[in-house]
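Geometric and topological summary
Below, each chain spelled out in residue letters.
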Amino acid sequence: IIPSYYSEAVVSTQSTGTLSEMLRNLLFFVLAVGLVVGDVPDLCTRISPCGADCYTTCDNQCQCDLNKKGKIPLPIYAGNCQRTGFCEADFLHLEDCVEEGGPSCPTSMVSLDEVVQDYYKYDYRVDVRTVQEWEEGHGNMSIHTPGLAANKADGYMDKLAGLEDANILLYCRSGGRAFSAALNLLRYGFSNINVFYQGGFPNIQAAIFEHSESNKKEHPTKNYCYIEGMSERCPQALPLLDMSSAADIMSLGSKVILVDVRPRKSFPEQIEQAVRMPVKKHRVKKFVEGLTGDETLVTYCMEGTYAYMGARAIRKQGWTGPLYYIDKGGYPDIKDWFMDSE
């Protein structure tokens, strides 16, 4: 017995009764009988005429070649994906997800207050603005995907492949393109997409800089430096997600010094190649005074917080050379890299 959503698909394609359409309908019937019955999304995945990007067949955003009548070839969906909510995202508006949310919405809709606190905490920050907008100013720790709001996600896999389960923040100039880009990524199988909706990158930058500069003791904050990148104020973050070996760290310069900023009393073990520099003003000053100027410094702790504080303290003591800190990870993650490299 053919399930209703198969039989409806067959019936809905009947029209003039030409030989070609009769053959096509027969093909639908054979497909319907031969497929292992599952839920509609599973069905759509297996028989999508556009391949893996199956969500887009509802309105042909994947740009399948159309038949002579302007229809998508093999239209076995016949509205079933749409009725079950499988293609609901095609009809969502940003406001729907801000106010109500739902299974077809991005993971979260991020406010300005939230982004000021959490900007650096995302695994990746994706900017979907145009090339011109990007060149007018962008975040150092961000990925540029111009046109993602209007184009298929698979055209951006050179930049996004492997990030399907990563915690991603999307933003544009005002929120709308970021929302559209989020839906494209969700259709393609990305699972943790967050959209900044109260403006765009200029708003993020202004709010984070204002928040940082309002507290002289904590300025520059980690969020500030994730936007500014390495400068006379900021060290450069090295997220653990972007590294896989000791060579990734030691290749940053010709004379790389690993700096362990953890207190020795609490953490007696250390990487053999590293030097100790607890984050105390007199210790940091002494460490900087002993440098010759041609070093590349890389600080680490257990998970990134003190590594950043140590790097910032080195900057405040006048070090202007290359300066990095390992973020979102630390000693427990990298110790074996250096043991293997000996």
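Predicted, not measured: the structure shown is a model, and the values here were computed from it.

A closer look at the state of the cysteines
- By the definition in use, this model includes 2 disulfides.
- There is a disulfide in this structure between Cys-97 and Cys-105, and the S-S distance comes to 2.1 Å. Where Cys-97 bonds to Cys-105 through sulfur, the torsion about that S-S bond is close to -85°, and the disulfide is left-handed.
- Overall, the relative accessible area of 8% leaves Cys-105 in the buried class.
- With a sulfur-sulfur separation of 2.1 Å, Cys-225 is cross-linked through a disulfide to Cys-234. The S-S bond linking Cys-225 to Cys-234 shows a torsion near -80°; that makes this disulfide left-handed. Here Cys-225 and Cys-234 have matching classes, each one buried.

Remarks on the environment of Arg-283
- Relative to the helices and strands, Arg-283 is located in helix H13 (residues 281–289).
- Contacts of Arg-283, omitting those with residues within four sequence positions, involve Arg-276, Met-277 and Pro-278.

Focus: the confidence of the model for the chain
- Chain-level pLDDT for the chain is 81 on average; 73% of the residues reach the 70-or-more range.
- Predicted confidence for residues 1–16 stays below pLDDT 50, and this span has 36 contacts to residues more than four positions away or in other chains.
- Every residue in residues 27–67 is under pLDDT 50, and counting partners more than four places away or in other chains gives 84 contacts.

Focus on the nonpolar core
- Residues Tyr-119 and Ile-314 are the most contacted members of the largest nonpolar core, which totals 38 residues.
- Sorting the residues of this core by element identifies helix H6 (112–118), strand S4 (168–171), helix H10 (201–213), helix H11 (222–228), strand S7 (256–260), H13, helix H14 (305–316) and strand S10 (323–327) as the ones contributing at least two each.
- Look past the residues within four positions of Tyr-119 in its chain and what remains in contact with it is Arg-125, Gly-139, Leu-169, Tyr-171, Phe-201, Ile-204, Ile-208, Asn-223, Tyr-226 and Ile-227.
- By size, the runner-up hydrophobic cluster in this structure holds 27 residues, among which are Cys-105, Tyr-124, Phe-190 and Ile-193.

Comments concerning the sheet that holds strand S5 (residues 193–196)
- Sheet architecture is open: 5 strands sit in the order S1-S5-S4-S2-S3, paired in parallel fashion. For this open sheet the edge positions go to strand S1 (108–110) and strand S3 (143–144), each flanked by a neighbour on one side alone.
- As defined by bridge partners, S4 adjoins S5 across 3 bridges and the pair is classed as parallel. Bridge assignment links Leu-169 to a residue of S5, and that residue is Asn-194.
- Set on the sheet, helix H9 (residues 176–187) makes contact with S1, S4 and S5; between it and S5 the angle comes to about 170°.

Reading the values: rules and limits
- Residues numbered from 1 in each chain as written.
- Predicted model: local features only at pLDDT ≥ 70, side-chain atom pairs only at ≥ 80, totals over all residues.
- Heavy atoms only, no water.
- Disulfide = S-S within 2.5 Å.
- Buried < 20%, exposed > 50% of the residue type's maximum accessible area, 1.4 Å probe, protein only.
- Helix = DSSP H or I, 4+ residues; strand = E, 2+ residues; numbered from the N terminus.
- Contact = heavy atoms within 4.5 Å.
- pLDDT = per-residue confidence, 0-100.
- Core = buried A, V, L, I, M, F, W, Y, C linked by side-chain atoms within 4.5 Å.
- Pairing = 2+ DSSP bridges.
- Axes fitted to C-alpha atoms, helices over the stretch in contact; angles between N-to-C directions.

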